[in-house]
Every structure is written in structure tokens, then in C-alpha cells.
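Analysis of the macromolecular model
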Amino acid sequence: MRRPLWLLLLLLLPPLAGTWGDRGPAGAREADEGGGPGRAWRAFQGLQERLRAAGTLSRRYWVLFSCRLWPETCEQDEEGAPRPLGWSLPLLGQQYLDILTTWYCSFRNCCNGGDCRISNNFPGLVSDLSVRLHGQHLAQELVLGTVKGYLELPRPDKALALSFHGWSGTGKNFVARLLAENLYRDGLQSECIQVFITMLHFPHPKSVDLYKKRLTDQVRKTQARCHQTLFIFDEAEKLHPELLEALGPHLERQAPDNGRAESRRTIFLFLSNLGGNIISEVVLNLLKAGRAREEITMEHLEPRLQAEMVASTESDFGHSRLVKENLIDFFVPFLPLEYRHVRLCARDAFLSQELLYTEEALDEVAKMMVYVPKEEQLFSSQGCKSIAQRINYFLP
């Protein structure tokens, strides 16, 4: 990237006195005197001097430009580009430099301090989890507390691993997206984030050796690019056991590297439908016993959730070393959503498209969903999934 920018700076240079477009009186006299070997030699020497001057000036522009964008290389570049005697940056050159710097910073990472790809907007995360996430008080508290606490550690010795569990449409992917949007400037498009969907990225069991190599290479390359990284594994319950095994070393405790300027911080999110039925069963029983939804705690859910994962014969996730060796820091339950939560999702869908809505419209959307169990009809079987598509029925 730096070489093309150096050439662009050369093209932006203002014309030097005495170059081809500005001959001056001496050049005019030479033209009138006619040709000859002496004149040709003098012209060649003049061309050499002009090229040397242009090269020196362009190197100086490069030093100033690179010092703005990569301060850590500033001293080294200063030594490698000698400054001409009496040299000062012309006003027009300064304007060129400002324009080029603004253009470059519009799509590349450069800022006054730190890594501007990383925003860690915790007030924004608090607001989003409180306002945009519905019916998930446990996930809200756990995700916010663990992520904020981890990223504020001076030198963490382990990656943070969170495993999200619950029915489809309850907010697992949504929370992963909120984390990406508030921790990174470019959200899910950030080069510090990798998203893996099991059946998309690792569809063929016969190719597991190739997948293992690709996966470990991508984790290492992403960590080399950014000191704070986020890895999201959707459909984690379908991951091949050898892929889970390959992830083990990245989740183990590591000896602190005191030689690094910035300590590495890595977050792994595993998104899974595994355990969704047992979560719904526990919540249903507590509600029928007279408990308020907001009174449900991790103590009610975590033992049953972990036991369900270990006993499952449909997935290898609960039998992997990630679970057996306690490499997963927290299992985050996403509760089944009720009618009132589906109405809120419908309201958000209308607002996101800047559409007017009525209370009757919200009820109509919520009634389109299927509710279970058959007798109580308390929980939406799809959560808030497909709500955004369903409001199309109400468009004029």
C-alpha cells in the first residue's frame, strides 16, 4: 500500500522551477542559440539536477505523510530522507498533503492515537442491550459484564469464550452483531472480526483436515492484524469434533508476552440452538409456579443447561475439550420469547424502516407467529425470526 501512495505523492507535487513547463529566460536563449554537443550535454545535466530535486522533494513529502499516518516509523523515515538546506513545505504542498491524508484516512485506519479500528463503545453497548434486545435480562447482564470486564483487564492471560444457547430467533446473532457494532468501527465488516457458519464454511466432514488448517491460519492471521479480535461461530453445535479440538489451544491460558506493546485480547462467541428445549422447559415451569420472568437467575438454568449439553447425542459440542476442560467461560442462556416481546420486535422493525405503525398492526404481526406449548401457547416457536419480512403485509 505504501509504494502506490509514494507515487501518488510524486504526481501531486507542484511544478519545480526550470522544469519542462517553465524554461525561463536562460532556457529561451539556449533554444535560440541552436543545437550542438555542448548544448545537449548541458541539457542532460540540467535534467539530472531536476530529477534529483524532484526525488528529494517527493521523499520529503513522503516523510511528512507517513509521519502523520504511522508515527512509529517517523524517526526512521526522517533519517532516510535528508532535508535540503533552507527547505520548507510550500503552502500548496501542505494543501496537497492535507487532502491526501484526509482521503487515505476515509478508508484506512489512521487516527491520533491507538487503533481506530477498535471503538469499545461501552455506553453504546449498554444502550443497545437495554433498548434493542427484548426479554433477555440474563444475556444482557452476562454479556455486558464479562465483555467489559475482560477488555478492561491490563494483560489478560486467556481468550474470553462465551457460548450462547437458545431457540432460533431469541437474539443470539443479534447480540453478536451488537457486540461487533459497538466494539469495532466497521462492525461485522471489520478486519478484526471473523464469522464462521458451520454448514457454510465447513460443510463436508471428509475435508476436516483442510478446514482445520484454514481455521487455525485465519485465527492467527486475524490476531496478527489486530490486538483485539472477535471470532463468531454460528451453528456451533454442528462443528466437527476435530475443529473443536483445533480451537482448544486458542482458548487455553497463555503466558503473558511482556514484549508486546499491546496485550492481545480475543473473544470467541459460540452460537447454538443446543439446550434451547431445556431452557424453555425450566422457564415454563418457573412461570407456572408464579415466578416473574425477571426473577429467573443463572442458578435456575446453568446446571440444567450444562447437563443437557453433556448428555446430548446429537452434537459433539458438549463432549469437546472446550466444555470438559472448562475453556468456555460462560454459558449464556437466551430465554424463549413471549407475545409481548414479539410485539416489541415488530415495533422495532417498523421503526427501522421509518414506517408508521398502529397498536393493531403490532398485534397482527405478533399473531402471525406460532406459539408453544400447545396448551399454554406462551412462547413464540421462532422467537422474533422473520418479523422484518412479515411487516411487508402492512405496507401501503
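Residues numbered from 1 in each chain as written. Predicted model: local features only at pLDDT ≥ 70, side-chain atom pairs only at ≥ 80, totals over all residues. Heavy atoms only, no water.

1. Remarks on the confidence of the model for the protein
Model confidence for the protein is summarised by a mean pLDDT of 83, while 70% of its residues fall at 70 or above. Long-range and interchain partners of residues 15–32, a stretch whose pLDDT sits below 50, account for 15 contacts in this model, where long-range means more than four residues apart. Every residue in residues 75–92 is under pLDDT 50, and counting partners more than four places away or in other chains gives 21 contacts. (pLDDT = per-residue confidence, 0-100. Contact = heavy atoms within 4.5 Å.)

2. What to know about the sheet that holds strand β2 (residues 193–197)
Read across the open sheet, the 5 strands follow the order β2-β3-β4-β1-β5; overall the sheet is parallel. What marks the edges here is a single partner per strand, and that holds for β2 and β5 (330–333). Each strand of the sheet is rotated relative to its neighbour by a mean of 15 degrees, with strand direction disregarded. One ladder, built from 6 bridges, connects strand β3 (residues 228–234) with strand β4 (residues 265–272); its direction is parallel. Bridging across to β4, Q228 finds its partner in R265. Along the sheet, helix α7 (residues 137–151) contacts β1 (160–165), β3, β4 and β5; its crossing angle with β5, the most-contacted strand, is approximately 150 degrees. (Pairing = 2+ DSSP bridges. Helix = DSSP H or I, 4+ residues; strand = E, 2+ residues; numbered from the N terminus. Axes fitted to C-alpha atoms, helices over the stretch in contact; angles between N-to-C directions.)

3. Brief notes about α7
Compared with an ideal rise of 1.5 Å per residue, which puts 15 residues at 21 Å, α7 spans 21 Å between its outermost C-alpha atoms and is within 8% of the ideal. By the burial criterion, the buried members of α7 are H137, L138, A139, L142, V143, L144, T146, V147, Y150 and L151. (Expected span 1.5 Å × (residues − 1). Buried < 20%, exposed > 50% of the residue type's maximum accessible area, 1.4 Å probe, protein only.)

4. Things to note about unusual backbone geometry
Residue P373 is reached from V372 by a cis peptide bond, and omega for that bond is -5 degrees. You can see P373 is positioned in the loop between β6 (371–372) and β7 (379–380). Non-glycine residue Q377 carries a positive phi angle of around 45 degrees. Residue placement: Q377 occurs in the loop between β6 and β7. Even without a glycine there, the phi angle at S386 is positive, about 75 degrees. Tracing the sequence through the fold places S386 in the loop between β7 and α17 (387–390). Accessibility expressed as a relative area gives 23% for S386, which makes it partly exposed.

5. Things to note about the state of the cysteines
Following the criterion strictly, the structure yields 2 disulfides and no others. Here C192 pairs with C226 through a disulfide, and the sulfurs are 2.1 Å apart. One disulfide, between C192 and C226, carries an S-S torsion of -80 degrees and so falls in the left-handed class. With a gap of 34 residues between them, C192 in the loop between α8 (172–183) and β2 and C226 in the loop between α10 (208–225) and β3 connect regions that are remote in the sequence. (Disulfide = S-S within 2.5 Å.)

6. Regarding the environment of V208
Within the secondary structure layout, V208 lies in helix α10. Its relative accessible area of 8% is what places V208 among the buried residues. C-alpha of V208 to C-alpha of H240: the two residues are 32 residues apart in sequence and 7.5 Å apart in space. Contacts of V208, omitting those with residues within four sequence positions, involve H240, E242 and L243.

7. Overview of helix α16 (residues 359–367)
Of all the residues in α16, the buried ones are A361, L362, V365 and A366. For α16, the angular spread of buried residues about the axis comes to 135 degrees, placing them on one side. Among the exposed residues of α16, those pointing more than 90 degrees away from its buried face are E360 and K367. (Arc of directions from axis to C-beta.)

8. Some remarks on the pairing of β1
Among the 6 residues in β1, 6 count as buried, and that is most of the element. What you see with β1 is no split at all: L160, L162 and F164 on one side and A161, S163 and H165 on the other are buried throughout. Across 4 bridges, β1 lies against β5 in parallel orientation. Residue pairing across strands places L162 opposite F330, the latter belonging to β5.

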